Amino acid sequence: MVSFVRKCLSLLIPLVFLGSVYAQSGIQLELNTVIEAEADGDNYSTYTFEATKEQPLGFFIDAEFTPRIIVVNSSGNSIFDSYNYYSSPIVFFPPDDGSYMTIVSSRSGDFEGSFSIEMQAIDIPAVTYGDVVERDPDGVDTYLFTLDAMEGDVVNIYAMSEGNNTILRVYTLDGPEIVKDDGRGTGANPHIRRFIFPDN
């Protein structure tokens, strides 16, 4: 089970570097099209895509390395980084209609080996404080939800299941994981207690 928080955190990524990357021609990503590629030891591969404001996009990456993506807007600014993102698919919420570039690299180790990337438009249900959501985990690894949260909100989030190693993760829209609980063992129920949403 995964929760997303509609808040933004700033990213300390050199904009000069990102601007030079955006100037390069990347392969065009189309919805529901799998691209097979080979990482040849360079630092990254680049892909361009079109997006609609606030339509969640899921990036499905199957790789021999641990993938990381950075999304750059047409001005060359980094607006999403999956470095501290541990769920699949990697989900990006476009802030505006327009063209974007995604930079695919390795989160750790060398950027080498075969990989595939596919972009899908996905529907993510919204939850509000007090909601109880029931899901059947048969054949599903990850459930995604959005939550509108304000700075200073104090929340408890928990999941109850039988015999599953359930993990709760909360992310911001620009990528970083801000809190996690795994219940400390198979069959345990994760519970994020009195988490205070940050101001950035």
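Computed from a predicted model, the values in this text were never measured in an experiment. (Residues numbered from 1 in each chain as written. Predicted model: local features only at pLDDT ≥ 70, side-chain atom pairs only at ≥ 80, totals over all residues. Heavy atoms only, no water.)

Colleague: Please set out the pattern of salt bridges residue by residue, giving values where relevant.
Modeller: Taken as a whole and assessed by the stated rule, the structure comprises two salt bridges. A salt bridge links arginine 68 to aspartate 81, with the shortest nitrogen-to-oxygen separation between them at 2.6 Å. Highlighted residues: arginine 68 in strand S6 (residues 66-73) and aspartate 81 in strand S7 (residues 78-81), separated in sequence by 13 residues. A relative accessible area of 18% places arginine 68 in the buried class. In this structure, arginine 169 and glutamate 177 form a salt bridge, with 2.6 Å as the shortest nitrogen-oxygen distance. (Salt bridge = Lys/Arg side-chain N within 4 Å of Asp/Glu carboxyl O. Helix = DSSP H or I, 4+ residues; strand = E, 2+ residues; numbered from the N terminus. Buried < 20%, exposed > 50% of the residue type's maximum accessible area, 1.4 Å probe, protein only.)

Colleague: So, the sheet that holds strand S8 (residues 90-92): which residues are in play, and what are the values?
Modeller: Judged by pairing direction, the sheet is antiparallel, and its four strands sit side by side in the order S3-S10-S5-S8 without closing on themselves. Two strands lie at the open edges of the sheet, namely strand S3 (35-40) and S8, each paired on one side alone. If you compare each strand with its neighbour and ignore which way they point, the axes differ by 30° on average. For strand S5 (residues 57-63) and strand S10 (residues 112-121), the ladder comprises seven bridges, and the chain directions are antiparallel. Following the sheet pairing, alanine 63 is matched in S10 by phenylalanine 115. (Pairing = 2+ DSSP bridges. Axes fitted to C-alpha atoms, helices over the stretch in contact; angles between N-to-C directions.)

Colleague: Account for the nonpolar core, naming residues and giving values.
Modeller: One finds Leu29, Phe49, Phe59, Ile69, Phe92 and Ile117 to be the most contacted residues of the largest nonpolar core, which totals 29 residues. Looking at this core, the elements that each hand over two or more residues are S3, strand S4 (45-51), S5, S6, S8, strand S9 (98-108) and S10. Residues Tyr143, Leu147, Leu168 and Phe195 belong to the second largest nonpolar core, which totals 14 residues. (Core = buried A, V, L, I, M, F, W, Y, C linked by side-chain atoms within 4.5 Å.)

Colleague: Hey, could you go over a negative patch on the surface for me, with residue numbers and the actual values?
Modeller: Judged by side-chain charge, Glu36, Glu38, Asp40, Asp42, Asp62, Glu64, Asp110 and Glu112 come together as a negatively charged surface patch. Sorting elements by how many residues they give to the negative patch places S3 first, with three residues. Assignment of secondary structure puts aspartate 110 in the loop between S9 and S10. Of the residues examined, aspartate 110 reaches a relative accessible area of 58% and is grouped as exposed. (Patch = residues over 30% accessible without salt bridge, like charges linked within 9 Å, V, L, I, M, F, W, Y side chains within 5 Å. Areas by Shrake-Rupley, 256 points an atom, 1.4 Å probe, with all protein chains shown as cover. Lys, Arg positive; Asp, Glu negative; His and termini not counted. Charge placed at Lys NZ, Arg CZ, Asp CG, Glu CD.)

Colleague: Explain unusual backbone geometry residue by residue, including any values.
Modeller: The omega angle of the peptide bond from serine 88 to proline 89 is 5°, so this bond is cis rather than trans. Here proline 89 shows up in the loop between S7 and S8. At asparagine 32, a residue that is not glycine, the phi angle is positive and equals roughly 60°. Along the chain, asparagine 32 falls in the loop between strand S2 (27-28) and S3.

Colleague: Which residues make up the environment of proline 95, and what values go with them?
Modeller: By the element assignment, proline 95 lies in the loop between S8 and S9. Owing to a relative accessible area of 36%, proline 95 belongs among the partly exposed residues under this scheme. Sequence-distant contacts of proline 95, that is, excluding residues within four places in its chain, are made with Lys53, Ile79 and Tyr100. (Contact = heavy atoms within 4.5 Å.)

Colleague: I'd like a rundown of the sheet that holds S7, residues and numbers included.
Modeller: As summarised here, the arrangement of the five strands in space is S2-S4-S9-S6-S7, forming an open sheet in which the pairing is mixed. At either margin of the open sheet sits one strand with a lone partner, and together these are S2 and S7. Two strands pair when backbone bridges link them, and S6 and S7 are joined in this way by three bridges, in the antiparallel orientation. Across the sheet, the residue bridging to valine 71 is phenylalanine 80, located in S7.

Colleague: Break down the confidence of the model for the protein for me, with residues and values.
Modeller: Taken residue by residue, the protein gives an average pLDDT of 83. The fraction at 70 or more is 85%. Confidence, expressed as mean pLDDT per element, reaches its minimum in the protein at strand S1 (residues 2-5) with 39 and its maximum at S5 with 96. Across residues 1-24, where pLDDT falls below 50, the model places 91 contacts with residues more than four positions away in sequence or in other chains. (pLDDT = per-residue confidence, 0-100.)

Colleague: Quick rundown of the environment of methionine 160? Include the residues and the values.
Modeller: Position of methionine 160 among the secondary structure elements: in the loop between strand S13 (154-158) and strand S14 (168-172). A relative accessible area of 68% means that methionine 160 is categorised as exposed.

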